[in-house]
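Next come the chains, spelled out residue by residue.
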Amino acid sequence: MEYVYLDNAATTPLDTEVVEKMLPFLTDRFGNADSPHALGRKAMTAVDNARDTVAACLGAKPSEIYFTSGGTEADNWAILGGARAKKKEGRNHVLVSVIEHHAALYAAKTLREEGFDVEYIPVNEGGRVEVSDVIARLKPTTALVCIMRVNNETGVVQPIEKIAPHVQKSGALFFVDGVQAAPHERINVREMGVDMLSVSSHKFHGPKGCGALYIRSGVKVEKLVGGGEQERGLRGGTLNVPAIVGFAAALNKTERLREETQRHIQRLQDLFLQGIAELDGVFINGEKEERTAAVLSLRVAGVDNATLLYKADLEGLCIAAGSACASASVKPSHVLLAMGMSEQAARETVRVSFGRQNTEEEVVLAAKIFVKTVKSLRKD
Ligand SMILES: *Cc1c(COP(=O)(O)O)cnc(C)c1O
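Reading the values: the criteria
- Numbers given for residues are sequential positions, taken from 1 along each chain in its written order.
- A pLDDT threshold of at least 70 governs which residues receive local features in this predicted model, and a stricter bar of 80 or more applies before side-chain atom pairs are shown or counted, although totals over entire chains, interfaces and linings include all residues.
- The basis for the side-chain values is all heavy atoms of the structure; hydrogens and waters are excluded.
- Strands qualify as paired when DSSP identifies two bridges or more between them.
- Under the scheme used here, helices are H or I runs from DSSP no shorter than 4 residues and strands are E runs no shorter than 2 residues, and both carry numbers assigned from the N terminus.
- Between N-to-C directions, angles span 0 to 180 degrees; the directions come from axes that are lines fitted to C-alpha atoms, helices contributing only their stretch in contact.
- Relative accessible area decides the class of each residue, using a 1.4 Å probe on protein chains only: under 20% of the type maximum gives buried, over 50% gives exposed, and in between gives partly exposed.
- Each domain span listed reflects an automatic or database assignment of domains.
- Whether two residues touch is decided by their heavy atoms; if any such pair falls within 4.5 Å, the residues are in contact.
- Once two parts are joined, some of their accessible surface, as seen by a 1.4 Å probe, is lost; buried area is that loss totalled over both.
- Roughly parallel here means an angle under 35 degrees, roughly antiparallel means over 145, roughly perpendicular means 65 to 115, and every remaining angle is called oblique.
- Should the near helix be turned anticlockwise from the far one by less than a right angle, the crossing is left-handed, and should it be turned clockwise, the crossing is right-handed.
- When residues are sorted by character, Ala, Val, Leu, Ile, Met, Phe, Trp, Tyr, Cys and Pro go into the nonpolar class, Asp, Glu, Lys and Arg into the charged class, and all the rest, Gly among them, into the polar class.
- Any pair of N or O atoms that falls within 3.5 Å is considered a polar contact. Within protein, one atom must be able to donate a hydrogen and the other to accept it, and sequence-neighbouring residues count only if both atoms are side-chain atoms.
- In this text, near means that some heavy atom of the residue lies within 4 Å of the molecule or strand in question.
- Accessible areas in this description were obtained via Shrake-Rupley with a 1.4 Å probe; residue shielding takes into account the shown protein chains only.
- Residue count minus one, scaled by 1.5 Å, sets the expected span of a helix.

A. Geometry of the sheet that holds strand β4 (residues 117–121). Pairing is mixed across the open sheet formed by 7 strands, whose spatial order is β2-β8-β7-β6-β5-β3-β4. This sheet does not close on itself; its edge strands, each paired only once, are β2 (65–68) and β4. Taken pair by pair, the neighbouring strands of this sheet meet at an average axis angle of 20°, ignoring direction. One ladder, built from 5 bridges, connects strand β7 (residues 196–200) with strand β8 (residues 211–215); its direction is antiparallel. Among the inter-strand pairings, leucine 197 is bridged to a residue of β8, identified as tyrosine 214.

Set out below in structure tokens:
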């Protein structure tokens, strides 16, 4: 074993069964899905099947699934496209939670530059959006509300079902970033009551660079990527057939293994926490809130996260400080600051995230490395 990979919230390894399903489309079946000839038709049939699978896994209709280049594009599209379409009804107000992924925060910033009135919804100290904080901010002019289901840094689950009826009543669009939720809970867009929801394939053992946006039928969204008539004219670009096939296979397998995976990952989290129990001054951020077992946000008092990451890496343990996108930057996490943590406490926080491929032995070893590394850093 060269290293133990506990950074599954950043990305997950491709499942070998998924690779098998993709291979024909990377070789013999290379056709452009828009070509009317036999090779093209074969590709389109594969895309249609993939769309049916993704729709079934999310509780949507196939015609409500739009393939994208991943979670970032889906988030950008939902927020920009949704708000711009609603502006035509005279709605100019946008609500975004402070703990969103940078993909969503970037889109919100873009809307502000376009003249939208963008307002941020706070979180409590556990990292959860309070329903009352959404209700208090909804206006007759609200165009769009954006709140993620599972936070990528803390694993805290947001009360989407409780918020949805209020957003619906206001006439605004409700967009949910479901990227970290899809790997760890069964999603049903109708039961959740959302208008749009994004998912990303590489977070559940599918290929990178592929994802989808669910857009409820009847909801008007402006296109973001134009220039082709693909995806019912709403998202131009030659379809990435191998990735789409892999994405659907990965989501389907995730669904099939759902309960088994949940039990396994809970066990891994328990083992890790047992393994590091001898350390003092380690706190779970968002501990009191409902969280997915796959993501642990740990504050290690007195230890700088960048140093801990570096030293753990030397010992063969891959973990993260905050999210992957921010891990190379020196800025403390916006999510942890929004929870009322000090800059110092945010800089003492690391993220350990589990995947179904991780074994109990790996996690026991990871905990040992973690303990050893923290002890050595506290001595320095
Ligand atoms: C990873 C992630 C994204 C971005 O998805 P990509 O497919 O990597 O672009 C968006 N939102 C959340 C919550 C994520 O964890």
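B. Geometry of unusual backbone geometry. Backbone geometry places histidine 205, a non-glycine residue, at a positive phi of 70°. Within the secondary structure, histidine 205 is located in the loop between β7 and β8. Residue histidine 205 is classed as buried on the basis of its relative accessible area, which comes to 7%. Even without being a glycine, glutamate 231 presents a positive backbone phi close to 50°. Relative to the elements of secondary structure, glutamate 231 occurs in the loop between β8 and α8 (241–256).

C. Expanded view of the domain arrangement of the protein chain. Here the protein chain is partitioned into domain 1 (4–12 + 258–379) and domain 2 (16–256). Relative to domain 2, the C-alpha centre of domain 1 lies at a distance of 27 Å. In this complex, domain 1 contributes 28 residues to the contact, which on the side of domain 2 involves 35 residues. At the boundary of domain 1 with domain 2, total buried surface from both sides reaches about 2,800 Å², with 50% on carbon and sulfur atoms.

D. Representation of the packing of helix α10 (residues 305–314) against helix α13 (residues 360–379) in the model. Axis separation between α10 and α13 bottoms out at 10 Å; the angle between their running directions is 125°. Our classification of the angle between α10 and α13 gives oblique. Note that α10 runs across α13; the crossing there is right-handed. Together, Thr307, Leu308, Lys311 and Ala312 of α10 and Ile369, Phe370, Thr373, Val374 and Leu377 of α13 make up the contact between the two elements. Residue composition of the contact of α10 with α13, by class: 6 nonpolar, 2 polar and 1 charged.

E. Main features of the environment of glycine 236. Following the sequence through the fold, glycine 236 ends up in the loop between β8 and α8. Accessibility expressed as a relative area gives 4% for glycine 236, which makes it buried. On a C-alpha basis, the gap between glycine 236 and asparagine 76 in space is 15 Å, while along the polypeptide they are 160 residues apart. Sequence-distant contacts of glycine 236, defined by excluding residues within four places in its chain, comprise Val225, Gly226, Gly228 and Gln230.

F. Inspection of the environment of glutamate 362 at higher detail. Note that glutamate 362 resides in helix α13. Glutamate 362 gets classed as buried once you look at its relative accessible area, which sits at 14%. Along the primary structure glutamate 362 and glutamate 20 are separated by 342 residues, whereas in three dimensions their C-alpha atoms are 26 Å apart. Looking at glutamate 362, its side chain comes within polar contact range of the side chain of asparagine 358, at 3.2 Å.

G. Expanded view of the site of the ligand. By nearness alone, 13 residues border the ligand, and Thr72, Asp177, Gln180, Ser200 and Lys203 come closest of all. Note that an oxygen atom of the ligand is positioned 2.8 Å from one of the backbone N or O atoms of glycine 71. Here a nitrogen atom of the ligand and a side-chain polar atom of aspartate 177 are 2.7 Å apart. Relative to its unbound accessible surface of 390 Å², the ligand loses 88% to contact with the protein. Broken down by element, the residue count for the shell around the ligand peaks at 3 residues, all from helix α3 (residues 71–87). Tallied by class, the residues present in the shell around the ligand amount to 2 nonpolar, 8 polar and 3 charged.

H. Just α13, in detail. Along its 20 residues, α13 runs 29 Å from first to last C-alpha, staying within 8% of the 28 Å computed at 1.5 Å per residue. Of the residues making up α13, those classed as buried are Glu362, Val363, Ala366, Ala367, Ile369, Phe370, Val371, Thr373, Val374 and Leu377. Contacts from the buried residues of α13 go to β1 (4–5), α9 (258–275), β10 (295–300), α10, β11 (317–318) and β12 (349–353).

I. The side chain of asparagine 305, seen in detail. Within the secondary structure, asparagine 305 is located in helix α10. Since its relative accessible area comes to 12%, asparagine 305 is described here as buried.

J. View of the sheet that holds β10. Strand order in the open sheet made by the 3 strands is β9-β10-β12, with antiparallel pairing throughout. With one partner strand each, in any of the chains shown, β9 (282–284) and β12 form the two edges of the open sheet. Pairs of neighbouring strands in the sheet enclose a mean axial angle of 30°, with direction left out of account. In the sheet, β9 pairs with β10 via 3 bridges, with the strands oriented antiparallel. Bridge assignment links phenylalanine 283 to a residue of β10, and that residue is arginine 299.

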